[in-house]
Amino acid sequence: MIMQSRINKKSINLKAIDIFAGCGGLSLGFQNSGFKIIGAFDNWKPAIQVYKKNFHHPISKYDLSNLNDDYSAFDKFDCDIVIGGPPCQDFSSAGKRNENLGRGNLSITFAKIIAFIKPQWFVMENVERYQISEKRCEVLEIFKENNYGLTETIIKASLCGVPQNRKRYICIGQFNGKDDELLPYINRNLAEKPMSVRDYLGDTLGIEYYYRHPRTYNRRGIFSINEPSPTIRGVNRPIPKTYKLHKADASSSIKEIRPLTTIERSYIQTFPKDFDFDLENQSKTDLEQMIGNAVPVKLGEYVANAITEYIESQTTPQLKPKQLVLNLGEI
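All values derive from a computational prediction rather than experimental measurement.

## Digging into the overall build of the protein
Within the protein, the secondary structure is distributed over 11 helices and 11 strands. For the protein, the exposed area adds up to about 16,700 Å²; of that, 48% sits on carbon and sulfur atoms.

## Points about unusual backbone geometry
Residues other than glycine seldom take positive phi values, yet Asp69 does so here, at roughly 60 degrees. Structurally, Asp69 is set in the loop between strand S3 (59–61) and helix H3 (72–75). The residue Glu256 is not glycine, and still its phi comes out positive at about 65 degrees. If you trace the backbone, Glu256 turns up in the loop between strand S11 (229–230) and helix H8 (262–268). The exposure class of Glu256 is exposed, given its relative accessible area of 72%.

## Considering empty space enclosed by the protein
Under the criterion given, the structure shown has 1 cavity of 30 Å³ or more. The volume enclosed by the largest cavity comes to roughly 60 Å³. Taken together, Tyr210, Tyr211, Arg212, Ser229, Pro230, Ile232, Asn236, Leu260 and Arg265 form the lining of the largest cavity. Listing elements by their share of the lining of the largest cavity, those giving two or more residues are strand S9 (209–211) and S11. Of the residues that constitute the lining of the largest cavity, the class distribution is 5 nonpolar, 2 polar and 2 charged.

## Observations concerning the pairing of strand S8 (residues 167–175)
Of all 9 residues that make up S8, 7 are buried, and the element is covered over most of its length. Pairing of strand S5 (residues 121–127) with S8 involves 7 bridges; the strand directions are antiparallel. Looking at S8, one finds that Val123 is bridged to Ile172. In this structure, strand S6 (residues 148–156) lies alongside S8, joined through 9 bridges in antiparallel fashion. Bridge assignment links Ile155 to a residue of S8, and that residue is Arg168.

## Things to note about the nonpolar core
Counting 56 residues, the largest nonpolar core has Phe30, Ile81, Trp121, Val123, Ile172 and Ile307 as its most contacted members. With 9 residues, helix H10 (residues 297–315) is the largest single contributor of residues to this core. The residues contacting Trp121, other than those within four sequence positions of it, are Leu14, Asp80, Ile81, Val82, Ile172, Gly173, Gln174, Leu182, Ile307, Tyr310 and Ile311. Counting residues in each nonpolar core, the second largest holds 32 residues, with Ile38, Phe41, Phe74 and Met124 among its members.

## Overview of helix H2 (residues 45–54)
Three or more residues of H2 are buried, namely Pro46, Ala47, Ile48, Val50 and Tyr51. At its buried positions, H2 is contacted by helix H1 (25–32), strand S2 (36–42), S3 and helix H9 (284–293).

## Re the sheet that holds S3
With mixed pairing, the 7 strands of this open sheet are ordered in space as S3-S2-S1-S4-S5-S8-S6. Single-partner strands in this sheet number two, and they are S3 and S6. Across this sheet, the average inter-strand angle for adjacent strands is 15 degrees, counted without regard to direction. Running at roughly 165 degrees to S3, H2 makes contact with S2 and S3 of the sheet.

## Here's the deal with the packing of helix H4 (residues 106–117) against helix H5 (residues 134–145)
The contact between H4 and H5 brings their axes to 9 Å, and the two run at 0 degrees. Taken together, the axes of H4 and H5 are roughly parallel relative to one another. Contacts from Ser107, Ile108, Phe110, Ala111, Lys112, Ile114 and Ala115 of H4 reach H5 at Lys135, Glu138, Val139, Ile142 and Phe143. Classifying every residue of the contact of H4 with H5 by side-chain character gives 8 nonpolar, 1 polar and 3 charged.

## Some details on the pairing of S5
As a general feature of sheets, a regular strand has side chains that alternate between the two faces. With 7 of 7 residues buried, S5 is to be regarded as a mostly interior element. Looking at chain direction, strand S4 (residues 81–84) and S5 are connected through 4 bridges and run parallel. From the neighbouring strand, Ile83 faces S5, where its bridge partner is Val123.

## Some thoughts on the side chain of Ser266
Mapping Ser266 onto the fold places it in helix H8. In this view, Ser266 contacts Phe271, Phe277 and Ile291; residues no more than four positions away in its chain are not counted.

## Points about the packing of aromatic side chains
Applying the stated criterion to the full structure yields 20 aromatic pairs. Ring geometry for Phe271 and Phe275: centres 4.7 Å apart, planes at 55 degrees, overall tilted. Residue class for Phe275 comes out buried when judged on its relative accessible area of 8%. Within the aromatic cluster, the residues linked to one another by ring pairs are Phe110, Phe122, Phe143, Tyr148 and Phe175. Taking the ring centre of Tyr267 as reference, the NZ or CZ of Lys273 above it sits at 5.3 Å.

About the cut-offs
- Residues numbered from 1 in each chain as written.
- Predicted model: local features only at pLDDT ≥ 70, side-chain atom pairs only at ≥ 80, totals over all residues.
- Heavy atoms only, no water.
- Helix = DSSP H or I, 4+ residues; strand = E, 2+ residues; numbered from the N terminus.
- Areas by Shrake-Rupley, 256 points an atom, 1.4 Å probe, with all protein chains shown as cover.
- Buried < 20%, exposed > 50% of the residue type's maximum accessible area, 1.4 Å probe, protein only.
- 1 Å grid on protein atoms, 1.4 Å probe; cavity = no way out; pocket = protein on both sides within 12 Å on 5 of 7 lines; lining within 4 Å.
- Points joined across faces, edges and corners; volume = space filled by probe spheres on them.
- Nonpolar A, V, L, I, M, F, W, Y, C, P; charged D, E, K, R; others polar.
- Pairing = 2+ DSSP bridges.
- Core = buried A, V, L, I, M, F, W, Y, C linked by side-chain atoms within 4.5 Å.
- Contact = heavy atoms within 4.5 Å.
- Axes fitted to C-alpha atoms, helices over the stretch in contact; angles between N-to-C directions.
- Parallel < 35°, antiparallel > 145°, perpendicular 65-115°, else oblique.
- Phe/Tyr/Trp six-rings, centres within 6.5 Å; stacked < 30°, edge-to-face > 60°.
- Lys NZ or Arg CZ within 6 Å of the ring centre and 35° of its normal.

Structure follows, in structure tokens:
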């Protein structure tokens with residue numbers, strides 16, 4: 001089990017804007033942690049429609065690929081922190097791995113927005129492979145030129161309350177801060193073992209095994225709920241009638257094996273069951289894509305909690321050893 005923070009989250013109440021917000025996974029995670037989201041931006045209408053169903057603050061349809069150095073839309077928000085996950089397909093192992101196709105430049109756009117409005121904090125999320133990209137080097141240079149202390153890490157979502165083998169690059173910036181200062185706060189509450197689907201959902205799915213379409217037939221396609229799910233992607237395909245069992249498949253039979261439903265996949269992304277995906281007005285293709293592209297809610301919440309713990313540690317007087325012993329005795 002993940003250790004729970006004992007911090008009074010309402011004591012921080014930092015104001016945040018979410019750039020590249022999608023349907024709201026990162027927004028919801030930070031909101032759950034006590035941050036006040038005051039605005040969001042995205043350029044994909046289906047995701048914006050879903051976002052509006054679930055949040056009271058405004059979200060703007062905005063072409064973030066064509067700002068022409070005009071950052072006034074972001075500067076009007078009096079925010080303490082900017083969060084966002086620039087589109088990752090150009091870096092993803094599931095994509096073409098060509099960071100010069102265009103969307104890779106959006107992480108540079110994110111950095112330029114930060115440089116212009118200079119919030120106290122920012123959080124940038126991307127795929128694991130982003131750490132070896134050329135764009136990362138350009139982005140970090142912009143951050144450092146603008147006096148941000150940076151904490152970079154790769155987080156395993158399965159150790160942060162997400163029942164999924166999803167690894168993500170996280171960069172946390174603090175204006176006039178020190179590099180790597182938040183690493184202890186990121187690492188201190190990681191679970192000792194990965195969270196399985198059963199750990200998170202119990203037996204509510206009504207299945208023991210399910211199908212996730214492999215990228216190649218050299219990989220398995222059948223998984224057990226007693227392990228973390230593989231990464232939820234933006235596509236969800238049925239099991240082919242011609243599927244041949246892989247030696248690593250969790251089941252030795254394909255009888256009654258099915259893929260997870262769209263909504264079940266949202267649960268694996270740790271969206272709550274009352275999250276409104278506007279099912280009547282969204283195509284299945286769009287829903288699968290926005291769910292697969294989302295930051296898992298619990299991952300966002302975990303990162304937000306780490307920032308909160310760090311801020312509290314800087315504002316709360318450090319206990320002397322004798323005081324610490326007495327306080328522990330009171331627990």
